[in-house]
Amino acid sequence: MPEPLLQLTNVTRSFGGIRALNDVSCDIPKGRVVGIIGPNGAGKTTIFNVITGAYQASAGDVYFEGQQITSLLPYQIARTGIARTFQNIRLFAGMTVWEHLLVAQPHTDATWRRLLPTRWADPAAREKAEKALVTFGLENVRDRIAQSLPYGIQRKVEMARALTAGPKLLLLDEPVAGMNHDEAHELRLLLIELCKDGLTILLIEHDMTFVMNLCHYLYVLDFGQMIAKGDPASVRTNPAVLDAYLGGED
Ligand SMILES: Nc1ncnc2c1ncn2[C@@H]1O[C@H](COP(=O)(O)OP(=O)(O)OP(=O)(O)O)[C@@H](O)[C@H]1O
C-alpha cells in the first residue's frame, strides 16, 4: 500500500445530540481512488466538511502529508493541496465556463494582474485553464454561462475548476449525479487517467456500478460509524454492508 496522503484518526463530529461521525479513522493512500459509501445520512458529506475545514472535528485529528490540519481554516487547507466539489453544484452566477477555470487558481502573479478582468489572466493561468478545458471536453461550451448548461456538464465544470487549483487530493461529492450512462463511463476513464498522473481522489458516490468499477479501496459508513473497509470485491459481499443497505427492507 502506498503511504497515506490523508489520514483521519478517531474523528468525531457532533451536531447537538447527533453524532454525524463517531470515532472514524481512515487512510487515503497516495495515487489511489478511494470511495466512501453508505446510506443517506451516514456522515459522508460531513467527512468532506471536516477534511476541508468547513466543520471543525469535535474530537480526533486530520493529517495531510503527515501535517496536522485539523484546526486550519478552509483557505489554509485549500492551499495545502486539497480541492473539492459539492453534492449540490456550486457554480458562480453569470460566469462563463472559461472564467470559472481562471478564478479558482492560486495567485502567483503580481498584485496588479489580480485586479484585471479574467480575460487578461497571466499566461500560466490561461495554460492551466486550457488544459482543464480539454481534459474535461469542455471546449465547445467554453464561452457559455456555466449555470445555463445541462447538469452533467455543470458537474464537469466544477471538477475542472477544482483541478485548476493544482490539488494533490481531489474530493468529489457524488460526481456522477445527473450524468447519463455514457457520461459516467467517460468520467470513470478520465478519473483513472488523472490518478495515473499522480492525483489522489476521494469520492462519495451512490452509483454502485461506478464506485465498484473505479475505486481501489472503499470505506463504508453507517450512522456515523465506519462499518467496513476493503477492496470493492470484499465490501460488496460484506454482511455488515449488506445489512446497512438492505436492513430496513423486508
Ligand atoms: N450542519 C448540520 N447541522 C445539523 N446536523 C447535520 C449537519 N450536517 C449534517 N448533519 C447531520 O449529520 C448526519 C450526517 O449527514 P451527512 O450529510 O454527512 O450524511 P451523508 O452520508 O452525506 O448523506 P447523503 O447521502 O444523504 O448526502 C445527518 O443526520 C445530518 O442530518
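Residues numbered from 1 in each chain as written. Predicted model: local features only at pLDDT ≥ 70, side-chain atom pairs only at ≥ 80, totals over all residues. Heavy atoms only, no water.

The name recorded for the chain in an unreviewed UniProt entry is ABC transporter domain-containing protein, from Pseudorhodoplanes sinuspersici.

**Quick look at the overall build of the chain**
Rule in force here: By definition, any uninterrupted DSSP run of H or I lasting at least four residues is a helix, any uninterrupted run of E lasting at least two residues is a strand, and each is numbered from the N terminus. Only C-alpha atoms enter the radius of gyration; for comparison, a globular chain is expected to reach 2.2 Å times N to the power 0.38, where N is the number of residues. Relative accessibility under 20% of the residue-type maximum defines a buried residue, over 50% an exposed one, and the middle range a partly exposed one, all with a 1.4 Å probe and only protein chains included. The contact rule is simple, with two residues in contact once any of their heavy atoms fall within 4.5 Å. Each accessible area value is a Shrake-Rupley result obtained with a 1.4 Å probe; residue values ignore everything except the protein chains displayed when judging cover.
On a plain count of helices and strands, the chain comes out with ten helices and ten strands. Taken over C-alpha atoms, the radius of gyration comes to 18 Å for the chain, in line with the 18 Å a tight globule of 250 residues would show. When the backbone C-alpha atoms are referred to their principal axes, the chain occupies close to 55 × 40 × 35 Å. Looking at the chain as a whole, 47% of its 250 residues qualify as buried. Put simply, of all contacts in the chain between residues at least 6 apart along the chain, 66% involve residues at least 24 apart. Total accessible area on the chain stands at roughly 12,400 Å², and carbon and sulfur atoms take up 50% of it.

**Some details on the pairing of strand β4 (residues 59-64)**
Selection rule: Pairing between strands requires that DSSP locate at least two bridges from one strand to the other.
By the bridge criterion, five bridges tie strand β1 (residues 4-15) to β4 in an arrangement that is antiparallel. The residue bridging Thr9 from the neighbouring strand is Asp61, located in β4. Both β4 and strand β5 (residues 67-68) contribute to a ladder of two bridges, which runs antiparallel. Residue pairing for β5: Tyr63 is matched across the bridge by Gln68. In textbook terms, the turn of a hairpin is the stretch between consecutive antiparallel strands, and for β4 and β5 this stretch comprises two residues, one of which, Glu65, has a positive phi near 50°.

**A short note on the packing of aromatic side chains**
Applied cut-off: Working definition: a ring pair exists when centres of Phe, Tyr or Trp rings (six-membered ring for Trp) sit within 6.5 Å. Plane angles under 30 degrees give stacked, over 60 give edge-to-face, the rest tilted.
All told, the structure shown has two aromatic pairs when counted by the stated rule. Considering the side-chain rings of Phe15 and Tyr55, the 5.2 Å spacing of their centres and the 75° angle between planes classify their relative orientation as edge-to-face. Linking Phe15 in strand β1 with Tyr55 in the loop between α1 (44-51) and β4, this pair joins segments that are 40 residues apart in sequence. Overall, Tyr55 belongs to the partly exposed group, its relative accessible area being 29%.

**As for the site of the ligand**
Selection rule: Throughout, near means a residue has at least one heavy atom within 4 Å of the molecule or strand. The term polar contact refers here to a pair of N or O atoms within 3.5 Å; inside protein, the definition further demands a hydrogen-donor-capable atom paired with an acceptor-capable atom, and it admits residues adjacent in sequence only when both atoms are side-chain atoms. When residue character is reported, Ala, Val, Leu, Ile, Met, Phe, Trp, Tyr, Cys and Pro are called nonpolar, Asp, Glu, Lys and Arg charged, and the others, Gly included, polar.
Taken together, 13 residues surround the ligand, and among them Gly41, Gly43, Lys44, Thr45 and Thr46 come closest. At a separation of 2.9 Å, an oxygen atom of the ligand approaches a polar backbone atom of Gly43. One of the side-chain N or O atoms of Lys44 is found 2.7 Å from an oxygen atom in the ligand. When the ligand sits alone it has 640 Å² of accessible area, and the protein chains cover 65% of it. Sorting elements by how many residues they give to the shell around the ligand places α1 first, with three residues. Its residues placed into classes, the shell around the ligand shows five nonpolar, seven polar and one charged.

**Concerning the sheet that holds β1**
Selection criterion: Note on method: axes are straight lines fitted to C-alpha atoms, helices fitted across the in-contact stretch only, with angles between N-to-C directions ranging 0 to 180 degrees.
With antiparallel pairing, the four strands of this open sheet are ordered in space as β2-β1-β4-β5. Each edge of the sheet is formed by a strand with only one pairing partner; in this case those strands are β2 (18-29) and β5. On the sheet, α1 packs against β1, β2 and β4 and is oriented at approximately 115° with respect to β1.

**As for the nonpolar core**
Selection criterion: Here, nonpolar core refers to any group of buried Ala, Val, Leu, Ile, Met, Phe, Trp, Tyr and Cys residues whose side-chain atoms link them within 4.5 Å.
Counting 46 residues, the largest nonpolar core has Phe136, Leu187 and Leu203 as its most contacted members. Ranked by residues supplied to this core, first place goes to helix α7 (residues 181-196) with six residues. Residue contacts for Phe136: discarding those within four places in its chain leaves Lys156, Met159, Ala160, Leu163, Leu187, Leu190 and Leu194. Grouped together as the second largest cluster of nonpolar side chains are 28 residues, Phe48, Ala57, Ile82 and Leu202 included.

**Quick look at helix α5 (residues 123-135)**
Put simply, the rule reads: A helix is expected to span 1.5 Å for every residue after the first. Arc definition: it is the arc formed by the directions from the helix axis to the C-beta atoms.
For α5, built from 13 residues, the straight-helix expectation of 18 Å at 1.5 Å per residue is met to within 8% by its first-to-last C-alpha distance of 18 Å. All buried positions along α5 are accounted for by Ala125, Ala129, Ala132 and Leu133. With its buried residues spanning 105° around the axis, α5 presents them on a single face. Exposed side of α5, more than 90 degrees from the buried face: Pro123, Glu127 and Lys131 are the residues found there. Looking at the buried residues of α5, the elements they touch are α3 (97-103) and α6 (151-164). Among the residues trailing α5, Gly137 stands out with phi positive, at a value near 60°.

**Focus: the pattern of salt bridges**
The condition is simple: Each reported salt bridge corresponds to a side-chain nitrogen of Lys or Arg within 4 Å of a carboxyl oxygen of Asp or Glu.
Scanning the model with the defined rule gives six salt bridges in all. Close ionic contact of Arg142 with Glu130 constitutes a salt bridge, the shortest N to O distance being 3.5 Å. One end of the pair, Arg142, is in the loop between α5 and α6; the other, Glu130, is in helix α5, and twelve residues separate them in sequence. By relative accessible area, which is 34% here, Glu130 ends up partly exposed.

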